[in-house]
Each structure stands twice: as structure tokens, then as C-alpha cells.
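# Breakdown of the fold
This is what each chain is made of:
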Amino acid sequence: QKTWQDLIALADLETGDATPVTLGRRDLAVFDTVDGIFVSLARCTHGAANLCDGYFDGKYIECPLHQGLFDARTGQPRAAPARIPLRMIKARVVDSRVQVFL
Ligand code: FES
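Note that this is a predicted model, so its numbers are computed, not measured.

### Quick word on the overall build of the chain
Broken down by element type, the chain carries 0 helices and 11 strands. Ordering the α and β elements of the chain from the N terminus gives β-β-β-β-β-β-β-β-β-β-β. A compact globule built from 102 residues would reach a C-alpha radius of gyration of about 13 Å, and the chain, at 13 Å, matches this within 12%. Summarising its shape, the C-alpha atoms of the chain cover approximately 35 × 30 × 20 Å along the three principal directions. Taking all 102 residues of the chain together, the buried fraction comes to 28%. Considering only intrachain contacts with a sequence separation of at least 6, the fraction spanning at least 24 residues in the chain is 39%.

The following block contains the structure:
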């Protein structure tokens, strides 16, 4: 049964960047994008990299390992070798805190 779970305060996010947050056994990436907050599983779908270690420009996250590119708002791959979309986690902001539906 999924529920809304508290994740992190907006004030604790790395502004305009990707912030790693662990919830239970899941490693998540919280993206402070130009279109708001988006959350995905942090692991790259191509290999064993944490996307939070990559370069983020407010829209796209570049994997630190092979420079695969994903749209952080949709999870869609945008440049090789990224081929599989990121698993996005439903997120919302309530009272200046990020919540995820997990
Ligand atoms: Fe991310 Fe290869 S591990 S592009």
C-alpha cells in the first residue's frame, strides 16, 4: 500500500541541483528543476552510478559514469548510452517539505 511519505525539507535541497536522499532501502534523487521538484530513483538505468554525482543544469541530469543524459522532469533518456527511462517517483511539496508517494 503506497502512501505519501515525508522526504526532505525544501530548505535542505541543493538549490538548482540534484540532492541524494535515502528513504528506507531506496536511494532517491531529488531534482530542483526549472519546472519544480521531481524525484527519481538515484541509480542510473545504464549502470551503477548515482545520478546525484552527475552534472545537472536544471532540466537534464548527466550521468557521471558514461555521460548518459536524462530529462529529470520526465525521466526520459536524451543521450546515449542512456536508453531506459528513469523510474520517476510521484512527488509533491506540502508545507515546504518534499513528500513522495511510495
Ligand atoms: Fe549512467 Fe552508464 S552508468 S550512463
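So that's the structure; there's more coming.
### Overview of the sheet that holds strand 3 (residues 26–33)
Strand order in the open sheet made by the 4 strands is 2-3-4-9, with antiparallel pairing throughout. Two strands bound the open sheet, and with one partner strand each, they are strand 2 (18–23) and strand 9 (88–89). In this structure, strand 2 lies alongside strand 3, joined through 6 bridges in antiparallel fashion. For Leu-23, the partnering residue across the bridge sits in strand 3 and is Arg-26.

### Looking at the nonpolar core
One finds Ala-18, Ala-29, Val-30, Phe-31, Val-39 and Leu-51 to be the most contacted residues of the largest nonpolar core, which totals 24 residues. Among the elements that take part in this core, strand 3 stands out by supplying 4 residues, more than any other. Once you skip the residues sitting within four places of it in the chain, Ala-18 turns out to touch Ala-29, Val-30, Phe-31, Leu-51, Cys-52, Phe-56 and Ile-61.

### A short note on the sheet that holds strand 10 (residues 91–94)
Pairing is antiparallel across the open sheet formed by 3 strands, whose spatial order is 1-11-10. The two strands at the open ends of the sheet, each matched to only one other strand, are strand 1 (4–9) and strand 10. This sheet shows a mean twist of 35 degrees between the axes of neighbouring strands, independent of strand direction. Pairing between strand 10 and strand 11 (residues 97–101): 4 bridges, direction antiparallel. Counterpart to Ala-91 in the pairing with strand 11 is Val-100.

### Topic: the environment of Ser-96
By the element assignment, Ser-96 lies in the loop between strand 10 and strand 11. C-alpha of Ser-96 to C-alpha of Ala-11: the two residues are 85 residues apart in sequence and 7.7 Å apart in space. Among all residues touching Ser-96, those that are not within four sequence positions of it are Ala-9, Leu-10 and Ala-11.

Conventions used here
- Residues numbered from 1 in each chain as written.
- Predicted model: local features only at pLDDT ≥ 70, side-chain atom pairs only at ≥ 80, totals over all residues.
- Helix = DSSP H or I, 4+ residues; strand = E, 2+ residues; numbered from the N terminus.
- Rg over C-alpha atoms; globule rule 2.2 N^0.38 Å.
- Buried ≥ 20, exposed ≤ 12 C-beta atoms within 10 Å, placed from the backbone.
- Contact = placed C-beta atoms within 7 Å.
- Pairing = 2+ DSSP bridges.
- Core = buried A, V, L, I, M, F, W, Y, C linked by C-beta atoms within 7 Å.
- Axes fitted to C-alpha atoms, helices over the stretch in contact; angles between N-to-C directions.

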